[in-house]
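Residues per chain, in single letters:
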Amino acid sequence: MPLSRAAFDQYMVPNYAPAAFVPVRGEGSRVWDQEGKEYIDFAGGIAVNSLGHCHPALVGALMAQANKLWHVSNVFTNEPALELAQKLVAATFADKVFFCNSGAEANEAALKLARRAAIERFGEQKHKVLSTLNSFHGRTFFTVTVGGQPKYSDGFGPKPTGIEYFEYNNLDALKALIDDDTACVIIEPIQGEGGVLPADAAFLQGVRDLCTQHNAFLIFDEVQTGMGRSGSLFAYQEYGVVPDILTSAKSLGGGFPIGAMLTTADIAKHLVAGTHGTTYGGNALACAVASAVLDVINTPETLAGVKAKHALFIEGIAAINAKYKVFSQVRGMGLLMGAVLAEQYKDRAKDILGLAAQNGLMVLMAGPNVVRFAPSLVIAEEEISIGLARFEAAIAQFVA
Ligand SMILES: *Cc1c(COP(=O)(O)O)cnc(C)c1O
């Protein structure tokens, strides 16, 4: 007998509260649980399964590499890592890439690089990190402290210091904090976990200008917004505002764990041999899969498809909302969208997730008050309409 959900409570550390059903198989944007019940997947493993489940190009890349070489460590380099780095450099502002295994590790590397480069260029006092309130940058102790949600970093003893916070989309708030001792500003072009809140274009450009003025590095955390999710390969390209350092993970591996930090040659030179590292980063298996992910996503067809599917979602949710009036706003870009609950239903996103699952639909929340959609970038139109019909059924029960 396969183990059931009850085994989670028996054997696993209780830091998660997973849904009552256990998924066992996926294909495209459909998933089946232990009982054989079908779900449409609008959650995408939290913006990770960028090409859905078991995409043939990814299965092919994984199988081919699995029979060739998995891991050699960074004592040696490997062909898939070199190839993926070359492709990322060709597709972005960056000249250099550092690979790791998760978003938190990519941000940890970005923050360490920014501080080290700033200190080496200007002196020990230039180490201040500025971050936005309600942001999310991962769960290592440095990144979770930089994330502007103290509920995630409190209770673990003394925190890393030299970090200050300003309000998102408020340039005056940054102006009041930034100075010549600022090493870097880290920002999500769309706050993901914080509620799917996009940056105003003028704000993002203003942040860029202030960073340049004070010789502070601008880090874009594109762990959630990157790899096609915005409709461009990276959201910075959609905004036309170029960072100094960029982090990627989630959709980069399409379900295989990998993270990356991208930067210019001039900044990268501060991480000389031995200053930072990871055993698994640049693992051949992970890089072979991510390389295939990039090949499929970074095409005009896939990126245009993201924008077309965005429109279908927005129209569909608007039509449901016209009937039931549960959302005050639907926001986001590309296939990262958030529906904000109206005052009357405040903080009840979790109830909607439960009802959606009952109706055969996986969706996410982004904080207690926002229902989040982060589906596969190649979800079929038919799957979108079936999923939206199930979403409507869930909303009808929610208001009943
Ligand atoms: C998910 C996320 C992270 C953390 O990524 P992990 O792979 O969970 O470590 C960091 N930043 C943003 C913006 C994210 O959405």
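As the structure is a computational prediction, the values presented were derived from the model and not from experiment.

This part covers unusual backbone geometry. Of note, the phi angle at Cys54 is positive, near 55 degrees, even though the residue is not glycine. By the secondary structure assignment, Cys54 is in the loop between helix 2 (44-47) and helix 3 (56-66). With a phi close to 75 degrees, Ser73 is a non-glycine residue in the positive phi region. Along the chain, Ser73 falls in the loop between helix 3 and helix 4 (79-91).

Turning next to the packing of helix 13 (residues 300-324) against helix 15 (residues 381-399). Running from amino to carboxyl end, helix 13 crosses helix 15 at an angle of 25 degrees, the nearest separation of the two axes being 10 Å. Between helix 13 and helix 15, the angle is such that the two are roughly parallel. Between helix 13 and helix 15 lies a crossing of right-handed hand. Here helix 13 contributes Lys309, Leu312, Phe313, Gly316, Ile317, Ile320, Lys323 and Tyr324 to the contact with helix 15, which in turn contributes Glu381, Ile384, Leu388, Phe391, Glu392, Ile395, Ala396 and Val399. Partitioning the contact of helix 13 with helix 15 into residue classes produces eleven nonpolar, one polar and four charged.

So, on to the UniProt feature "binding site: N(2)-acetyl-L-ornithine" (unreviewed entry) in the protein chain. Here the UniProt feature "binding site: N(2)-acetyl-L-ornithine" (unreviewed entry) sits at Arg139 and Thr278. From the set just named, the residues that line the second largest pocket comprise Thr278. Tracing the chain through its elements places Arg139 in the loop between strand 5 (128-132) and helix 6 (141-146). Overall, Arg139 belongs to the exposed group, its relative accessible area being 52%. When neighbours within four sequence positions are excluded, Arg139 is seen to be in contact with Ala104, Val144 and Tyr152. If you trace the backbone, Thr278 turns up in the loop between helix 11 (265-268) and helix 12 (284-297). Residue contacts for Thr278: discarding those within four places in its chain leaves Asn74, Phe98, Phe99, Cys100, Asn101 and Glu105.

Feature annotation in UniProt places "binding site: pyridoxal 5'-phosphate" (unreviewed entry) on Gly103, Ala104, Phe136, Asp221, Glu222, Val223, Gln224 and Thr279, given in this structure's numbering. These annotated residues cover 177 residues of sequence, and their C-alpha atoms sit far apart, with the largest distance between any two at 24.9 Å. Restricting the annotated residues to those that line the largest cavity leaves Thr279. Along the chain, the position of Glu222 falls in the loop between strand 10 (217-221) and helix 10 (235-239). On the basis of relative accessible area, Glu222 is assigned to the buried category, the value being 0%. In this structure, Glu222 is in contact with Pro189, Phe234, Ala235, Tyr236, Leu246, Thr247 and Ser248, ignoring residues within four places of it in sequence. Looking at where Val223 falls in the secondary structure, it is placed in the loop between strand 10 and helix 10. Owing to a relative accessible area of 9%, Val223 belongs among the buried residues under this scheme. Beyond its immediate chain neighbours, meaning those up to four positions away, Val223 contacts Gly103, Asn107, Thr247, Ser248, Ala249, Lys250 and Ser251.

What follows concerns the site of the ligand. Taken together, Ser102, Gly103, Ala104, Asn107, Phe136, His137, Gly138, Glu188, Asp221, Val223, Gln224 and Lys250 are the residues near the ligand. Here Asp221 contributes a side-chain N or O atom positioned 2.7 Å from a nitrogen atom of the ligand. Lys250 has a polar side-chain atom sitting 2.6 Å from an oxygen atom of the ligand. In isolation the ligand has 380 Å² of accessible area, and contact with the protein removes 81% of it. The greatest single-element share of the shell around the ligand, amounting to three residues, is contributed by helix 5 (residues 103-122).

Relative to the helices and strands, Leu171 is located in helix 8 (residues 171-177). With 40 residues separating them along the chain, Leu171 and Ser131 place their C-alpha atoms 12 Å apart. Discounting chain neighbours no more than four positions away, the residues touching Leu171 are Phe203, Gly206, Val207 and Leu210.

Another point: the pattern of salt bridges. Applying the stated rule across the entire model yields 18 salt bridges. Residue Arg121 is joined to Asp266 by a salt bridge in which the shortest nitrogen-to-oxygen separation is 3.3 Å. Pair noted here: Arg121 is in helix 5 and Asp266 is in helix 11, with a separation of 145 residues, a long-range link. Exposure remark for Arg121: the relative accessible area of 34% places this residue in the partly exposed category.

Taken as a whole and judged by the stated rule, the model has eleven aromatic pairs. A ring pair is formed by Phe93 and Tyr236, whose centres lie 5.5 Å apart and whose planes are at 90 degrees; its orientation type is edge-to-face. Note that Phe93 is positioned in the loop between helix 4 and strand 4 (96-100) and Tyr236 in helix 10, a separation of 143 residues in sequence. In this structure, Phe93 and Tyr236 share a single accessibility class: buried. Grouping aromatic residues by their ring pairs yields a cluster made of Phe42, Phe313, Phe327, Phe373 and Phe391. A cation over an aromatic ring shows up here: Lys126 above the ring of Phe122, its NZ or CZ 5.1 Å from the ring centre. Sitting above the plane of the Tyr152 ring, Lys151 keeps its charged end 5.0 Å from the centroid.

Cut-offs and rules
- Position numbers for residues start from 1 in each chain and track the written sequence from start to end.
- Under the rules for a predicted model, residues below a pLDDT of 70 receive no local features and side-chain atom pairs below 80 are neither given nor counted, while totals for whole chains, interfaces and linings still include all residues.
- Think of the side-chain values as coming from all heavy atoms in the structure, minus any hydrogens and water.
- A helix here means a DSSP run of H or I that spans at least four residues, while a strand means a run of E at least two residues long, and both kinds are numbered starting from the N terminus.
- Axis definition: a line fitted to C-alpha atoms, over the contacting stretch in the case of helices. Angles run 0 to 180 degrees between N-to-C directions.
- Our angle categories are set so that under 35 degrees counts as roughly parallel, over 145 as roughly antiparallel, 65 to 115 as roughly perpendicular, and the remainder as oblique.
- Whether a crossing is left-handed or right-handed is set by the direction in which the near helix is turned from the far one by less than a right angle, anticlockwise for left-handed and clockwise for right-handed.
- By definition, residues are in contact when any of their heavy atoms lie within 4.5 Å.
- Each residue gets one of three labels, nonpolar for Ala, Val, Leu, Ile, Met, Phe, Trp, Tyr, Cys and Pro, charged for Asp, Glu, Lys and Arg, and polar for the others, Gly among them.
- UniProt positions are given in the numbering used here, feature names are shortened, and annotations may be inferred rather than shown by experiment.
- Site definitions follow a grid-based scheme: protein atoms alone, a 1 Å grid, a 1.4 Å probe that fits but cannot get out for cavities, and for pockets an open set with protein on both sides within 12 Å along at least five of seven lines, plus lining residues having an atom within 4 Å of a point.
- Using a 1.4 Å probe on the protein chains alone, a residue whose accessible area is under 20% of its type maximum counts as buried, one over 50% counts as exposed, and one in between counts as partly exposed.
- For this purpose, a residue is taken to be near a molecule or strand whenever a single non-hydrogen atom of the residue falls within 4 Å of it.
- In the analysis that follows, any N or O atom pair within 3.5 Å is treated as a polar contact, provided that within protein one partner can donate a hydrogen and the other can accept it, and provided that, for residues neighboring in sequence, both atoms belong to side chains.
- Values of accessible area rely on a 1.4 Å probe in the Shrake-Rupley scheme; residue burial ignores everything except the protein chains shown.
- Any Lys or Arg side-chain nitrogen found within 4 Å of a carboxyl oxygen on Asp or Glu counts as a salt bridge.
- Each aromatic pair joins two rings of Phe, Tyr and Trp (for Trp, the six-membered one) with centres within 6.5 Å, and gets the label stacked for planes under 30 degrees apart, edge-to-face for over 60, and tilted for any other angle.
- Geometrically, a charge over a ring is one whose NZ (Lys) or CZ (Arg) sits within 6 Å of the ring centre while staying within 35 degrees of the ring normal.

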